[in-house]
Amino acid sequence: MDDSVKSKAAKILADFLVENGKRKTPERFSILNSVYSIRGHFSLDELDLEMKKNNFRVSKATLYNTMGLLLAAKLAVRHYIGNVTTYEATIINGNHCHQICTTCGKLTEVNTSVVNNMLMTMKLKRFHQEGFTLYFYGTCSSCQTKLKRKLAKKTAKQNQKQKK
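Residues numbered from 1 in each chain as written. Predicted model: local features only at pLDDT ≥ 70, side-chain atom pairs only at ≥ 80, totals over all residues. Heavy atoms only, no water.

S.K.: Give a description of the nonpolar core that names residues and reports values.
M.R.: One finds I31, V35, Y36, L47, M67, L70 and L75 to be the most contacted residues of the largest nonpolar core, which totals 25 residues. Setting aside residues up to four positions removed in sequence, L70 forms contacts with L13, I31, L32, V35, L75 and A76. (Core = buried A, V, L, I, M, F, W, Y, C linked by side-chain atoms within 4.5 Å. Buried < 20%, exposed > 50% of the residue type's maximum accessible area, 1.4 Å probe, protein only. Contact = heavy atoms within 4.5 Å.)

S.K.: How would you summarise the confidence of the model for the protein if you had to cite specific residues and measurements?
M.R.: Interpretation of the predicted coordinates at a detailed level should be avoided for regions scoring low in pLDDT. Per-residue confidence for the protein gives a mean pLDDT of 87, with 97% of residues at or over 70. Looking across the protein, the model is least confident in helix α5 (residues 90-93), with a mean pLDDT of 74, and most confident in helix α4 (residues 60-72), with 95. (pLDDT = per-residue confidence, 0-100. Helix = DSSP H or I, 4+ residues; strand = E, 2+ residues; numbered from the N terminus.)

S.K.: Quick one: what's the story with the pairing of strand β1 (residues 76-81), residue by residue and with numbers?
M.R.: Looking along a regular strand, one sees the side chains alternate between the two faces of the sheet. Pairing geometry for β1 and strand β2 (residues 84-89), over six bridges, is antiparallel. Bridging from a neighbouring strand, I81 pairs with V84 of β2. The turn linking β1 back onto β2 is made up of two residues, and G82 within it adopts a positive phi angle of 65°. (Pairing = 2+ DSSP bridges.)

S.K.: Tell me what's going on with the packing of helix α2 (residues 26-35) against α4, and back it up with residues and numbers.
M.R.: Running from amino to carboxyl end, α2 crosses α4 at an angle of 70°, the nearest separation of the two axes being 10 Å. Overall, the two elements α2 and α4 adopt an arrangement that is roughly perpendicular. Facing E27, R28, I31, L32 and V35 of α2, the residues of α4 in contact are T62, L63, T66, M67, L69 and L70. Residues that form the contact of α2 with α4 fall into these classes: seven nonpolar, two polar and two charged. (Axes fitted to C-alpha atoms, helices over the stretch in contact; angles between N-to-C directions. Parallel < 35°, antiparallel > 145°, perpendicular 65-115°, else oblique. Nonpolar A, V, L, I, M, F, W, Y, C, P; charged D, E, K, R; others polar.)

What follows is the structure, encoded as structure tokens:
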């Protein structure tokens with residue numbers, strides 16, 4: 001991760017904490033650093049592992065509370081996909097689209113500049129848009145292949161039964 005992005009995020013967090021009368025603790029900044037070290041989406045358990053990897057342990061309560069602050073400061077965003085809650089850093093990811101497989105739950109990001117431009121220039125009534133995340137739901141190619149194989153086997157079995 002680019003150190004300038006991490007310093008920008010740290011400045012935003014420091015300003016947010018001061019403005020909201022919160023303490024600037026090493027734990028909060030360590031969690032922020034870990035959030036901006038992870039590429040893409042992560043769960044709180046994965047964030048906890050990243051923290052331990054960097055030899056910085058924090059309680060689950062501190063992790064949850066700090067993520068709440070990062071969300072409020074718009075330094076991270078929370079996604080609810082299926083029954084799973086994931087997070088991602090906002091400064092480095094910005095506006096983007098996701099593809100979500102409804103069969104296996106695999107999530108991939110899609111760079112669609114045409115969609116990005118259209119959504120960012122869209123005029124919304126009585127609403128100031130700050131950004132967006134768009135979700136496309138469907139079936140990934142791996143699951144499509146598995147489903148086709150399964151259907152082919154089923155069809156072959158039915159054909160064998162009819163021949164008997």
